[in-house]
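Here is what each chain is made of, one letter per residue.
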Amino acid sequence: MNLIIRPRRLRRTDAIREMVRENHLHPQDFIYPLFIHEKDFQEEISAMPGIYRWDMNGLIKEVSRAWELGIRCIVLFPKIDDSLKTEDGSECFNEAGLIPKAIRILKKEIPEMAIMTDVALDPYSCDGHDGLVDDNGKILNDETIEILKKQAITQARAGADFIGPSDMMDGRVGAIRTALDIEGFSDVGIISYTAKFSSAYYGPFRTALDSAPKENNRKIIPDNKSTYQMDPANSREALIESALDQYEGADILMVKPGVSYLDIVYRLSTFSNKPIAAYNVSGEYSMVKAAAMKNWINEKDIVLETLLSFKRAGAKLILTYHACDASKWLNEK
Ligand code: PBG
C-alpha cells in the first residue's frame, strides 16, 4: 500500500513509544485514603481486601510506608463508635475526637506528609446522612453548614493541610473558606468534592464506617442521598457545581466516583484551571480486588491502566485505595 501516514511508526519500539507517551503516573499523583478506629488493633475490611481500619500505631507505620513509597498526601476516615453518634453529629467537632487525635499524632511523627480530611456528618450521625435530618426526613442545608464549619475548624486546628467537604450542601465551600480565614487558617486549602454523584459505588465504604443511612424510629430517614448528591444522569450540572466551588474558594476540584465518571473529569479539566482530582472509590477498588482474587484479571496491569485513565482524562490527583500497591509497581519500573 502507498500510505503516507502510518501511525504505527510511532509505536514501533519501546524507545519511540516512551518518546511520544503523553501521560505518566507518579506516586505523587496519589492521595491515599485510610480508615481509623478507636481500637488498639488493625482490622481488615471484609469488602475491601488489603484495606484496614487502623489503630494509631498501625496508622503511623502505614503512613510512613506510604511516604517512603513517594505518596505525599493521605485522607483520613473515622469509624466512630455507635455510642458517640447523635442526630446532630456533634462528635465531628470534638477537639479530642478520633480525627483530630490522629492528625496531631501524624503531624508529630511524619510532619512532611500532607493530610486531607473529610467534612460531612455521616460517620458521626446516627441517621447516617451527610447533613441534619429534620422530623420529616428533609436534609437541612444551612443548619448543617453551621456544624460543618465547626468540623472544618477543628480539623484545621489539629493540623490538617486540606479540608475536603464531601457533604454536597449548597454554599459549604464558601462558608468553610470564610470560617477558616476568620480563625486564622488562611493557609489551609480546600479540596472540594465538587461533582459527587449519588452512587452505588460507595457501598463498601459505607460498610467500612457503618455510615449508611439508618432507620430512626422517631422519624423518616431517606434511604439514599439523592437530594444532595448529584444525579448520575447529569453532566452539565457538574459545571455549575465547579463554577460555584471555584468562586467560593476551592483550591482543587474533585470528581467522584472515578471510572464511570471520566467524562466529568474531562469536562472539569477543560472548564477549570484548578487542579482536578478524581476519587477511585471503594466499589471500584473492591470489584478489581474480587476479580483479581479469582485470577480473572491481572491486578497490576488493570490497576495501572485504570489509574492512567484518570491522568488521560485530565486529573492531576487520584484518591485511590491502590495507592501503595501502584506506587510500588511504579517504583519497580
Ligand atoms: C462521606 C463520604 C463517602 C465517601 C467519601 N466520603 C460516602 C458517601 O457519601 O456515602 C465514599 C468513598 C468511597 O466509596 O471510597 N460523605
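Quick caveat: nothing in here was measured; it's all calculated off a predicted structure. (Residues numbered from 1 in each chain as written. Predicted model: local features only at pLDDT ≥ 70, side-chain atom pairs only at ≥ 80, totals over all residues.)

Attention shifts here to the pairing of strand 4 (residues 73-78). Counting buried residues along strand 4, six of its six residues qualify, which places the element largely inside the surrounding structure. Side chains C73, V75 and F77 of strand 4 all project onto a buried face; the interleaved residues I74, L76 and P78 project onto the opposite face, where all are buried too. One ladder, built from six bridges, connects strand 1 (residues 30-36) with strand 4; its direction is parallel. When the bridges of strand 4 are listed, Y32 appears paired with I74. Of the strand pairs in this sheet, strand 4 and strand 5 (residues 114-119) are connected by three bridges, and their pairing is parallel. Counted as the bridge partner of I74 is I115 from strand 5. In this view, the connection linking strand 4 to its parallel neighbour strand 5 by way of helix 3 (residues 98-109) has right-handed handedness. (Buried ≥ 20, exposed ≤ 12 C-beta atoms within 10 Å, placed from the backbone. Helix = DSSP H or I, 4+ residues; strand = E, 2+ residues; numbered from the N terminus. Pairing = 2+ DSSP bridges. Right-handed = clockwise from strand over helix to strand, strands pointing away.)

This brings us to the nonpolar core. Of all hydrophobic cores here, the largest spans 89 residues; its most connected members are I74, I176, V265 and A278. The leading source of residues in this core is helix 4 (residues 141-158), at seven residues. Not counting chain neighbours up to four residues away, the residues in contact with V265 comprise V255, I276, A278, F310, A313, G314 and A315. (Core = buried A, V, L, I, M, F, W, Y, C linked by C-beta atoms within 7 Å. Contact = placed C-beta atoms within 7 Å.)

Glancing now at the environment of K311. As for its position among the elements, K311 is in helix 10 (residues 299-313). C-alpha separation for the pair K311 and E22, spaced 289 residues apart in sequence, amounts to 9.5 Å. The residues touching K311, leaving out its near neighbours within four places in the chain, are N23, L25 and D29.

Per the UniProt entry, the sites bearing "active site" (unreviewed entry) are K196 and K256 in this numbering. Of the residues just listed, which span 61 residues, no C-alpha pair is farther apart than 4.8 Å, and they cluster in one region. Ignoring any residue separated from it by four or fewer positions in sequence, one finds K196 in contact with S166, M168, Q229, M230 and K256. Among the structural elements, K256 can be located in strand 10 (residues 252-256). (UniProt positions renumbered as here; feature names shortened; annotations may be inferred.)

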